[in-house]
Amino acid sequence: MITEEKLVKFIHSLEPDRSPALEKIRREASAAAVPIIRDETAALLKCFIRMKKPKRILEIGTAVGYSALTMAECMPSDGALWTIENYPERIMRARRNFTETGYGSRIHLLEGDAGGWIRSYAEQGEKFDLIFLDAAKAQYPLWLPELLRLLPAGGVLLSDNVLQGGSIAESRFQIERRERTIHSRMREYLFRLKHEEGLESAVIPIGDGLSVSVKK
Ligand code: SAH
Ligand code: MG
């Protein structure tokens, strides 16, 4: 039987080279143990950006800007991206990476807690054509109502790490105590995505699990 690991390795072997800028950031991130999206997730993300051609993208969880730049390289020429990060050291790095790659004016780095930004954008009636959610996993279900307000009809919500290295499928009693909050919150999030009236959602076992939701 073909193992899943073999398949993932095979898919990796198909990946073309990254842009030199992204390669450099990926190396730095890996040396500093900063988490970034996996290659196969990046590939799918890029396809969604090309299909949707979003003029306004919102990312939650910048880290050092790898996924933001991956998306920015594919967005339409009149597109812009807003990305939120609360970790000062990563904010500094991300800002430098955006400037050095020439995206300083098309990527807006928002500093501070994502929850606050999402709330105030929702209150102001801001809209984003595509949202990439990749931060504080336990907050996903709590942020969902406001994220939905930020999407126009046809807007897309992509959420990363929803399968939690496969542990999402385990019984909660198999999960270590300190992981239980994330486990139950992520299950709640996936349940809500699938049962929310106004959403069409699919869960894709790619990378660490990506959910795709479209607002009806
Ligand atoms: N999207 C990035 C990886 C993001 S890692 C990439 O693929 O390149 C998740 C990031 O979210 C971390 O850098 C973490 O500091 C940030 N984060 C976690 N909780 C947050 C919160 N409540 N507000 C803002 N940023 C947060
Ligand atoms: Mg992630």
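From a predicted model like this one, the values you see are computed outputs, not experimental measurements.

## Description of the coordination of the magnesium ion (ligand 2)
Turning to step 1, where the next piece is worked out: At 2.2 to 2.3 Å from the magnesium ion (ligand 2) lie its protein donor atoms, namely Asp134 (OD), Asp160 (OD) and Asn161 (OD1).
Turning to step 2, where the next piece is worked out: Between the donor residues of the magnesium ion (ligand 2), the gaps in sequence give the motif D-x25-D-N. Residue Asp134 is located in the loop between β4 (130-133) and α7 (140-149), and its partner Asn161 is located in the loop between β5 (156-160) and α8 (180-195); the two are separated by 27 residues in the primary sequence.
Turning to step 3, where the next piece is worked out: Among the residues examined, Asp134 registers a relative accessible area of 17% and is labelled buried.

## Observations concerning the site of ligand 1
Turning to step 1, where the next piece is worked out: Taken together, 20 residues sit near ligand 1, with Gly61, Ser67, Glu85, Arg90 and Asp113 positioned nearest.
Turning to step 2, where the next piece is worked out: At a separation of 2.6 Å, an oxygen atom of ligand 1 approaches a polar side-chain atom of Glu85.
Turning to step 3, where the next piece is worked out: The separation between an oxygen atom of ligand 1 and a polar side-chain atom of Arg90 is 2.7 Å.
Turning to step 4, where the next piece is worked out: In this structure the site holding ligand 1 corresponds to the largest pocket.

## Observations regarding the pattern of salt bridges
Turning to step 1, where the next piece is worked out: For the structure shown, the criterion picks out 17 salt bridges.
Turning to step 2, where the next piece is worked out: The salt bridge partner of Lys24 is Glu100, with a shortest N-O separation of 3.7 Å. A residue pair is termed long-range when its members are at least 10 positions apart, and Lys24 in helix α2 (residues 20-31) and Glu100 in helix α5 (residues 88-100) qualify at 76 residues.
Turning to step 3, where the next piece is worked out: A salt bridge links Glu100 to Arg96; its shortest N-O distance comes to 3.8 Å. Of this pair, Glu100 and Arg96 both sit in helix α5, 4 residues apart, which is roughly one turn of the helix.
Turning to step 4, where the next piece is worked out: Classification of Glu100 by relative accessible area gives exposed; the value is 53%.
Turning to step 5, where the next piece is worked out: Within this structure, Arg18, Glu23, Arg26, Arg27 and Asp39 form a network of salt bridges that share partners.

## A few points about the environment of Leu109
Turning to step 1, where the next piece is worked out: Note that Leu109 resides in strand β3 (residues 107-111).
Turning to step 2, where the next piece is worked out: We classify Leu109 as buried; its relative accessible area is 10%.
Turning to step 3, where the next piece is worked out: Filtering out sequence-adjacent residues up to four positions away, Leu109 remains in contact with Thr62, Thr83, Glu85, Ile91, Ala94, Arg95 and Phe98.

Thresholds, definitions, all that
Numbering of residues starts from 1 in each chain and follows the order in which that chain's sequence is written. To label them, take the chains in the order written and letter them from A, then take the ligands in the order written and number them from 1. A pLDDT threshold of at least 70 governs which residues receive local features in this predicted model, and a stricter bar of 80 or more applies before side-chain atom pairs are shown or counted, although totals over entire chains, interfaces and linings include all residues. Excluded from the side-chain calculation are hydrogens and water; included are all heavy atoms of the structure. The donor set comprises N, O and S atoms within 2.8 Å of the metal, extended to 3.2 Å for Na, K and Ca; water molecules are omitted, so apparent gaps in a site may simply reflect that omission. In DSSP terms, a helix is any run of H or I states spanning at least four residues, a strand is any run of E spanning at least two, and both are numbered starting from the N terminus. Accessibility here uses a 1.4 Å probe with only protein chains present; expressed as a share of the type maximum, an area under 20% marks a residue as buried, one over 50% as exposed, and anything in between as partly exposed. By convention in these notes, a residue is near a molecule or strand provided one of its non-hydrogen atoms lies within 4 Å of it. Each polar contact in these results corresponds to two N or O atoms within 3.5 Å; when the atoms are within protein, one needs to be able to donate a hydrogen and the other to accept it, and residues that are neighboring in sequence are counted only if both atoms are side-chain atoms. Definitions used for this entry: grid spacing 1 Å over protein atoms alone; cavity, a set of points where a 1.4 Å probe fits but cannot get out; pocket, an open set with protein on both sides within 12 Å along at least 5 of 7 lines; lining residue, one with an atom within 4 Å of a point. Those molecules having more than half of their atoms within 2 Å of a cavity or pocket grid point set are described as sitting in that cavity or pocket. The salt bridge definition used is simple: a Lys or Arg side-chain nitrogen within 4 Å of an Asp or Glu carboxyl oxygen. Contacts: residue pairs with any heavy atoms within 4.5 Å of one another.

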